[in-house]
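Structural features, examined
One-letter residues, chain by chain:
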Amino acid sequence: MQALIYKSTGSWYVAKTAEGETLQARMKGVFKIDEDITSTNPIAVGDEVTLAREDGEAGNAMITGIAARRNYIVRSSPHGKHKKHIIAANLDQAVLVCTVKEPRTSQGFIDRFLVTAAAYHIPAVLVFNKKDVYRAKEMEKFEHWKAVYESIGYKVMLVSAEKKDGIDELKALMQDKTTLMSGHSGVGKSSLINEIMPGKELKTKAVSNWSGKGLHTTTFAEMFDLPFGGRLIDTPGVREFGIVDMEKTELSHYFLEMQPYLTQCQFNNCLHLNEPGCAVQQAVNDGDIDVDRFVSYASILETIEEKQY
Ligand SMILES: Nc1nc2c(ncn2[C@@H]2O[C@H](COP(=O)(O)OP(=O)(O)OP(=O)(O)O)[C@@H](O)[C@H]2O)c(=O)[nH]1
Ligand SMILES: [Zn+2]
């Protein structure tokens, strides 16, 4: 029996079958899924699994197999810097909810999100919320970011959960797709989700475990069916996605606007910082690459450790 994982609390999973039946599932033994992924959690929200019903226990099932993932997104595991924790799998797109005011999302935060999405081959969309509080200064900032990110090829939207403005466009974006939604605290992600799925009480602060006793303080990603078709994966408490196991020379590939210049640098291992004959720096000087994006690039680069061989 095929099913999709809607929730994972570490040891128990909530799975839904193609027929719409919800089952509590657990894993039988330990099995390796993707040889190239060493994660601290074997199964994540969005995973397609095979289930076998457990005799005599209504609503309980055993996970006996897992399908290869189309993609997945990770954060670094709390159990080790170089270990990954898979947040969600099989996504069509990732939405970052941002704000220009109350509180302003930093460009560094936006760019980290975009790099991670690009590294995992997931289309990313920026949704700016709280349009209602933007005055001329904030609108100018928004328009600037919109121009920068749209020129790179990203979709940028402006909405207000408070005024229910732009919600239909957001729904249209999400219809019939599996969308991961993220954003730092206070941007209004929960308010937006409540507009998209009215009546959905989001339990974002605590998740009770299977036996019902005790509460995890950690929060987990959870998937919801959208009333108009499609699925939403909410990532409460996930602030930063992990740039795990990336080589320094790889990073520029995930700044999509740098890609056309990469083969034109004098050195093929150019990090585009102050090497001579660097086509990326030239493009920044010529105004073809946004200087703030370059600043983000340089600061993310600093956080990538040199591999020790
Ligand atoms: N003015 C304005 N305020 C908003 C809007 N959307 C949300 N807010 C407010 O922003 C605050 C944060 O909203 P939440 O929906 O709780 O934000 P969140 O991103 O889910 O934050 P966490 O719950 O901390 O993860 C609340 O006081 C909301 O009322 C909006 O469109 N305009
Ligand atoms: Zn270069």
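Residues numbered from 1 in each chain as written. Chains lettered and ligands numbered in written order. Predicted model: local features only at pLDDT ≥ 70, side-chain atom pairs only at ≥ 80, totals over all residues.

Side note on the overall build of the protein chain
Operational definition: The helix and strand labels rest on DSSP assignments: H or I over at least four residues marks a helix, E over at least two residues marks a strand, and numbering proceeds from the N terminus. Neighbour density around each residue's C-beta defines its exposure: 20 or more other C-beta atoms within 10 Å make it buried, 12 or fewer make it exposed, and counts between make it partly exposed, where C-beta atoms are placed from the backbone. Placing a C-beta atom from the backbone of each residue, one calls two residues in contact when those atoms lie within 7 Å.
A count of helical and extended segments in the protein chain gives six helices and 15 strands. Counting every position in the protein chain, which comprises 309 residues, the buried fraction comes to 34%. Counted over contacts in the protein chain with a minimum sequence separation of 6, partners at least 24 positions apart contribute 65%.

Some points on the site of ligand 1
Defined as follows: Put plainly, near means the residue's C-beta atom, positioned from the backbone, lies within 6 Å of the molecule or strand in question. Residue type decides the class: Asp, Glu, Lys and Arg count as charged, Ala, Val, Leu, Ile, Met, Phe, Trp, Tyr, Cys and Pro as nonpolar, and the leftover types, Gly among them, as polar.
The environment of ligand 1 is formed by 15 residues, the closest being Glu-162, Ser-185, Gly-188, Ser-190 and Ser-191. Among the elements that line the shell around ligand 1, the one with the most residues is helix H4 (residues 189-196), at three residues. Partitioned by chemical class, the residues of the shell around ligand 1 number three nonpolar, eight polar and four charged.

Notes on the pairing of strand E9 (residues 124-129)
In plain terms, the rule: Handedness rule for crossovers: strands pointing away from the viewer, path from the first strand over the helix to the second running clockwise, crossover right-handed. Two strands pair if DSSP finds at least two bridges between them.
Along E9, six of the six residues are buried, which leaves the element largely enclosed by surrounding structure. Burial of E9 is two-sided: the residues Ala-124, Leu-126 and Phe-128 facing one way and the residues Val-125, Val-127 and Asn-129 facing the other way are all buried. Crossover connection from strand E8 (residues 93-99) via helix H1 (residues 107-119) to parallel E9: handedness right-handed. Pairing of E9 with strand E10 (residues 155-158) involves four bridges; the strand directions are parallel. Across the sheet, the residue bridging to Phe-128 is Leu-158, located in E10. Taken together, E9, helix H2 (residues 136-152) and E10 form a β-α-β motif whose crossover is right-handed.

Remarks on H4
Convention followed: What the arc covers is the set of directions going from the helix axis to the C-beta atoms.
Listing the buried residues of H4 in full gives Lys-189, Leu-192, Glu-195 and Ile-196. Projected onto a plane normal to the axis of H4, the buried residues spread over an arc of 120 degrees and lie on a single side.

Remarks on the nonpolar core
The test is simple: Joining buried Ala, Val, Leu, Ile, Met, Phe, Trp, Tyr and Cys residues through C-beta atoms within 7 Å gives a set, and that set is a nonpolar core.
With 75 residues, the main nonpolar core has Ala-15 and Ala-88 as its most contacted residues. Not counting the four nearest positions on each side in its chain, Ala-88 is found in contact with Ala-44, Val-45, Gly-46, Tyr-72, Ile-73, Leu-180, Ala-221 and Ile-233.

Structural notes on the environment of Gly-230
Along the chain, Gly-230 turns up in the loop between strand E14 (222-225) and strand E15 (231-234). On the basis of neighbour count, Gly-230 is assigned to the partly exposed category, with 18 C-beta atoms found within 10 Å. Separated by 33 residues in sequence, Gly-230 and Thr-263 have C-alpha atoms that sit 39 Å apart.

Some remarks on the packing of H1 against helix H6 (residues 291-303)
In a pair of packed helices, the angle between the axes and the distance between the axes together describe the arrangement. Short version of the rule: To obtain each axis, a line is fitted to C-alpha atoms, and for helices this fit is confined to the stretch in contact; angles are then taken between N-to-C directions over 0 to 180 degrees. Roughly parallel here means an angle under 35 degrees, roughly antiparallel means over 145, roughly perpendicular means 65 to 115, and every remaining angle is called oblique. Helix crossings get a hand from a simple test, with the near helix turned counterclockwise from the far one by less than a right angle marking a left-handed crossing and a clockwise turn marking a right-handed one.
Running from N to C, H1 and H6 cross one another at 70 degrees; their axes reach a closest spacing of 9 Å. Taken as axis vectors, H1 and H6 run roughly perpendicular relative to one another. For the element pair H1 and H6, the recorded crossing hand is right-handed. For the pair formed by H1 and H6, the contact residues are Gln-107, Gly-108, Asp-111, Arg-112 and Val-115 on the first element and Asp-292, Arg-293, Ser-296, Ser-299 and Ile-300 on the second.

Section: the environment of Ala-88
Here Ala-88 shows up in strand E7 (residues 84-89). Taking the number of C-beta atoms within 10 Å as the measure of exposure, Ala-88 has 28 and is therefore buried. Taking C-alpha positions, Ala-88 is 14 Å from Pro-123, a pair spaced 35 residues apart along the chain.

Some details on the domain arrangement of the protein chain
The condition that has to hold: Note that the domain bounds were set by an automatic or database domain assignment.
Domains assigned within the protein chain are domain 1 (2-70), domain 2 (74-234) and domain 3 (248-303). If you average the C-alpha positions of domain 1 and of domain 3, the two centres end up 41 Å apart.

Focus: H2
This is how the line gets drawn: By this rule the span expected of a helix is its residue count minus one, scaled by 1.5 Å.
Taking 1.5 Å as the rise per residue, H2 with 17 residues should run 24 Å; its terminal C-alpha atoms sit 24 Å apart, in good agreement. One or two steps after H2, the chain reaches Gly-153, where phi turns positive at roughly 120 degrees.

Brief notes about unusual backbone geometry
The phi angle of most residues is negative, glycine excepted, and most peptide bonds adopt the trans form. In the segment running from Glu-102 into Pro-103, the intervening peptide bond is cis, with an omega of -5 degrees. Tracing the sequence through the fold places Pro-103 in the loop between E8 and H1. In the Ramachandran plot, Lys-130 falls in the positive-phi region, its phi being about 70 degrees despite a non-glycine side chain. Relative to the helices and strands, Lys-130 resides in the loop between E9 and H2.

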